[in-house]
There are 2 protein chains.
Amino acid sequence: MTALTSDRVRAVRGSAIRDLLTLTARPDVISLAGGLPAADLLPRERIARATADALTDPAAIQYGETAGLARLRAVIAAHETDRGGRAGRPVRAADVVVTSGSQQALDLVARAVVDPGDAVVIEDPGYVGALQVFQSAGARLVPVGLDEGGMRVDQLADALAGGLRPRLVHTVSSFHNPRGVTLADERRRELAGLADRYGFLVVEDDPYGLLAFDGAVPRPVAAHGERVVRLGSASKVLAPALRVGWLTGPPEVTAAVELLRQGADLCGSTLTQSVAAELLADGPWFAAHLATLRRAGAARAAAFTAAVAELLPAATCSVPTGGMFCWLEFPAGTDTAAALPRALDAGVGFVPGAAFAVAEPLPAAARCCFASNPEGELREAVRRLATVLGPPSPFAP
Amino acid sequence: MTALTSDRVRAVRGSAIRDLLTLTARPDVISLAGGLPAADLLPRERIARATADALTDPAAIQYGETAGLARLRAVIAAHETDRGGRAGRPVRAADVVVTSGSQQALDLVARAVVDPGDAVVIEDPGYVGALQVFQSAGARLVPVGLDEGGMRVDQLADALAGGLRPRLVHTVSSFHNPRGVTLADERRRELAGLADRYGFLVVEDDPYGLLAFDGAVPRPVAAHGERVVRLGSASKVLAPALRVGWLTGPPEVTAAVELLRQGADLCGSTLTQSVAAELLADGPWFAAHLATLRRAGAARAAAFTAAVAELLPAATCSVPTGGMFCWLEFPAGTDTAAALPRALDAGVGFVPGAAFAVAEPLPAAARCCFASNPEGELREAVRRLATVLGPPSPFAP
């Protein structure tokens, strides 16, 4: 049986991250590979209390509305309004569609907006889940670079001036996955302006924005213009197993996403949406929980970067100001993908830069997640990494 | 902003069911419209206990594997093996992919198998969620009729002999939505044989099979051949808010579905999958729960059909032997879609046949769900329906 699958499924590249998650699940491996929130910081008891409360209502286990639980849409709208709203105006509950993580929002937006052959601008290196989604949609991928200020919006502007007419521009605007950088405020304004001028849609993918170590959450791209779809997620600030994400955007797009979600999976879980609504609406608790996550993230990032500076002196490392990821660049000639099996043997996992590469192969880079492990484990992980990618030991044969 | 959405989203027809669910949510309306399991029979306390147990493990709220929780895949494999296996062989855990309801399984199979322009055979009248999925995939829909023995496999065989070469044939094999009928055993064997002979894939969509009133669960189409993907769901036998469905099928298809699920929403909820695994593995409890659902379903179906025979004598009504739906056909000239607003004013909701129509418009038909309401409510619902679609009252002006 060789012809069962469609042409388009063969255009989708498998996720190196996922394959790696399998490998790094070995108990002897400290994993810097996944994008998992810290297990020790997940608010399990608060979730258990909210779940028990929700289950006193029979409606909590019945089908729910496709666009999401009304109570959850309202609290998300309030949060998004606090963040800066849509083009400076308040976000209404009717502007919110709840999805199964922000990954589903990304997939449904791609299906709602992109026709096969359309140009889609993505960041390079880029989020693997976005590459998959746009490949699956049959898009023609156009990479644009990143620097310390996030997406090179100047490169995008040049390409547009040169005739590029993308249907959609995707950006992980804050604490980029995998690069760790944040789109500078003036670039956010400029990007929203380019969307208006050239008629494309910006997809602002923002699962990490609330994890700013200093609590200064970046003002969204969506605050600067109408042609922006914003994606958010409870996975990194509450828990992944709620499978709660959302999008806000122009009514034409949210209506199309809602229609497509009927076919995609009918609706989300009323139960986990009730829990998310309860926790996001509990202002004092949520503020204290975010403060804990930020404090822990800052301490872990500091421990990780200090260990890299000490034990991997030849590597350059991005300076984390929030989120979950550091981007390491080793000297030219390094092949992190080739080194990975030896790193796993040494008891440490990471994701080679090649997994995120669009135009350039990035053989010397690696993405490391500093958020999932406490400081001591991170230092040990870097020590193990140095046995494979660090300076040769003076005692080596 | 008029050009934000894709051409293909405009090919997808909105769900009349969904729009109706909104209308029938009015407290004064008895709804026969939805496909909702009976709220009074949902095992809420058992779910609450299993949820509290699951939440003692931190892993229950972390990300999980894309193909589903290992424990849940194993128990589903055991259930599917009991049902007849794949082509008579046992189903292994590795053959199972867990999805967000069987609707997501249907969507991902369509994306994994169907290229735009491919012929896809669907039943007429057909499941609205399937019509949406195949429209969204760009399929060319080829309807085939139904009779009391389910899909007219003889019609399909004729079309194949005449040159039709579909990529996929979709059937709701047991207690059909919306027609209520069940595919006869010899037709199951014949359909699996045609798939082998002509090289198409059968998608056997089976959310209702366990709800056979007499407990004689039909033997799956998948028991008769290799080229069958079977879709199952916990929504109708446990609770919709678990959002647990699954598929089993040829490895090429399950691998493609798993790959696409990474982009679609990464993974399901570890928490609700843990709960589903616990309940499906609790054999004595699950058997007793199914017996309760079957007994209640049989009593409700009997009450509904008796009321129809008495109060709507001109209508013909399918004879339910399981599942959730009756199919009513009123005398020629009746327009159920036009009558619906008056029915809602009279306090009863249903879905007009037109919502399920593929080739023929079916203006005189209606789908009624007998499972969601207790007997007294069902009789009252039919009484209200008769004021709109029944014989004229002798006291009418």
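Cut-offs and rules
- Residues numbered from 1 in each chain as written.
- Chains lettered and ligands numbered in written order.
- Predicted model: local features only at pLDDT ≥ 70, side-chain atom pairs only at ≥ 80, totals over all residues.
- Heavy atoms only, no water.
- Least-squares fit on C-alpha atoms with pLDDT ≥ 70 in both.
- Contact = heavy atoms within 4.5 Å.
- Buried < 20%, exposed > 50% of the residue type's maximum accessible area, 1.4 Å probe, protein only.
- Helix = DSSP H or I, 4+ residues; strand = E, 2+ residues; numbered from the N terminus.
- Pairing = 2+ DSSP bridges.
- Salt bridge = Lys/Arg side-chain N within 4 Å of Asp/Glu carboxyl O.
- Polar contact = N/O pair within 3.5 Å; in protein donor to acceptor, adjacent residues only side chain to side chain.
- Axes fitted to C-alpha atoms, helices over the stretch in contact; angles between N-to-C directions.
- Phe/Tyr/Trp six-rings, centres within 6.5 Å; stacked < 30°, edge-to-face > 60°.
- Lys NZ or Arg CZ within 6 Å of the ring centre and 35° of its normal.
- pLDDT = per-residue confidence, 0-100.
- Right-handed = clockwise from strand over helix to strand, strands pointing away.
- Expected span 1.5 Å × (residues − 1).
- Core = buried A, V, L, I, M, F, W, Y, C linked by side-chain atoms within 4.5 Å.

Enquirer: Which parts of the structure should I look at to understand the relation of the copies chain A and chain B?
Expert: One copy of the chain maps onto the other through a rotation about an axis plus a displacement along that axis. Note on the copies: chain A fits chain B at an RMSD of 0.0 Å, the axial shift is 0.0 Å, and the rotation between them is 180°. The superposition of one copy onto the other is thereby described by a two-fold rotation axis. Of the residues that chain A buries at the interface, 100% are likewise interface residues in chain B, meaning the two copies contact each other through the same surface.

Enquirer: What should I look at first to understand the pairing of strand β12 (residues 325-329) of chain B in this one?
Expert: Successive residues of a regular strand alternate their side chains across the two faces of the sheet. Residues and elements named next belong to chain B. Burial analysis of β12 places four of its five residues in the buried class, the great majority of the element. Taken together, the two bridges between strand β11 (residues 316-317) and β12 define a ladder with antiparallel strand orientation. Counterpart to Cys 317 in the pairing with β12 is Leu 328. As defined by bridge partners, β12 adjoins strand β15 (residues 365-369) across five bridges and the pair is classed as antiparallel. Within β15, the position partnered with Phe 325 by the bridge is Cys 369.

Enquirer: Hey, could you run me through the interface of chain A and chain B in this one?
Expert: Many authors give the size of an interface as the accessible area that is lost as the parts come together. With 76 residues of chain A at the interface, the matching set in chain B holds 76 residues. Here chain A and chain B share two salt bridges between them. A salt bridge links Asp 107 of chain B to Arg 111 of chain A; the nearest nitrogen and oxygen atoms lie 2.9 Å apart. Along the contact surface separating chain A from chain B lie 34 residue pairs in polar contact (both at pLDDT 80 or more). Among the secondary structure elements, those contributing two or more residues to the side of chain A that touches chain B are α2 (44-54), α4 (101-113), α5 (128-136), α8 (251-265) and α9 (270-281) of chain A. The greatest single-element share of the side of chain A that touches chain B, amounting to 10 residues, is contributed by α8 of chain A.

Enquirer: Honestly, the sheet that holds strand β2 (residues 96-99) of chain A in this entry has me stumped. Any pointers?
Expert: Consider a sheet: its strands pair through backbone hydrogen bonds, and that pairing is either parallel or antiparallel. All names here are of chain A. In spatial order, the strands read β2-β10-β9-β8-β7-β3-β4; together these seven strands make up an open sheet with mixed pairing. Every interior strand has two partners, whereas the edge strands, β2 and β4 (140-144), have only one. In this sheet, adjacent strand axes meet at a mean angle of 20° when their direction is disregarded.

Enquirer: It is not clear to me how the packing of aromatic side chains should be interpreted in this structure. Could you clarify?
Expert: Each aromatic ring pair is specified by the distance between its two centres and by the angle formed by the two planes. According to the stated counting rule, one finds eight aromatic pairs over all chains in the structure shown. Their ring planes at 70° and their centres at 6.0 Å tell us that Trp 327 of chain B and Phe 356 of chain B sit as a pair that is edge-to-face. With Trp 327 of chain B in strand β12 and Phe 356 of chain B in the loop between β14 (351-352) and β15, the pair connects residues that are 29 residues apart, well separated along the chain. Looking at Trp 327 of chain B, the relative accessible area reads 3%, which means it is buried. The ring of Trp 285 of chain A carries the charged tip of Arg 46 of chain A above its face, separated from the ring centre by 5.7 Å.

Enquirer: Help me understand the sheet that holds strand β11 (residues 316-317) of chain A in this model?
Expert: Residues and elements named next belong to chain A. Across the sheet, four strands lie side by side as β11-β12-β15-β14; this open sheet has antiparallel pairing. The outermost strands of the open sheet, each flanked by one partner alone, are β11 and β14 (351-352). For β14 and strand β15 (residues 365-369), the ladder comprises two bridges, and the chain directions are antiparallel. Note that in β15 the partner of Pro 352 across the bridge is Ala 366.

Enquirer: Sorry if this is basic, but what is going on with the confidence of the model for chain A here?
Expert: Detailed conclusions should not be drawn from predicted coordinates in areas where pLDDT is low. In the predicted model, chain A carries a mean pLDDT of 94, and the fraction of residues at 70 or more is 95%. Note on the complex model: pTM 0.95, ipTM 0.94.

Enquirer: How should the pairing of β4 of chain A be read in this particular structure?
Expert: Residue and element names in this part refer to chain A. As paired strands, strand β3 (residues 119-123) and β4 are joined by five bridges and run parallel to one another. Paired with Val 120 across the strands is Leu 141, a residue of β4. In this fold, β3 hands off to α5, which returns the chain to β4; that crossover is right-handed.

Enquirer: What's the story with α8 of chain A in this structure? I'm lost.
Expert: An α-helical segment advances 3.6 residues per turn. Residues three or four places apart therefore align on the same side. Residue and element names in this part refer to chain A. For α8, with 15 residues, the first-to-last C-alpha span of 21 Å sits near the 21 Å given by 1.5 Å per residue. Most of α8 sits inside the fold, with 12 of its 15 residues counted as buried. If you check which residues of α8 are buried, you get Val 253, Thr 254, Ala 256, Val 257, Glu 258, Leu 259, Leu 260, Arg 261, Gln 262, Gly 263, Ala 264 and Asp 265.

Enquirer: Help me out: how do you make sense of the nonpolar core in this one?
Expert: Generally speaking, a soluble globular protein has its nonpolar side chains buried in company with each other. All names here are of chain B. Residues Leu 72, Val 109, Phe 134, Leu 238, Phe 304, Leu 312 and Leu 328 are the most contacted members of the largest nonpolar core, which totals 108 residues. The element that contributes the greatest number of residues to this core is helix α10 (residues 283-311), accounting for nine residues. The residues touching Phe 304, leaving out its near neighbours within four places in the chain, are Leu 32, Cys 326, Leu 328, Cys 368, Phe 370, Leu 378 and Val 382.

Enquirer: Is there a simple way to think about the pattern of salt bridges in this case?
Expert: Should the charged atoms of two oppositely charged side chains come close, the side chains can pair. Summed over all chains, the structure comprises 46 salt bridges over all chains. Close ionic contact of Arg 92 of chain A with Asp 95 of chain A constitutes a salt bridge, the shortest N to O distance being 2.5 Å. According to the relative accessible area criterion, Asp 95 of chain A is buried, its value standing at 5%. Here Asp 40 of chain B and Arg 300 of chain B are joined by a salt bridge, their closest N and O atoms 2.7 Å apart. Here the residue Asp 40 of chain B occupies a position in the loop between β1 (30-31) and α2 (44-54), and Arg 300 of chain B occupies one in helix α10, the gap between them amounting to 260 residues. Its relative accessible area of 51% is what places Asp 40 of chain B among the exposed residues. Owing to a relative accessible area of 5%, Arg 300 of chain B belongs among the buried residues under this scheme.

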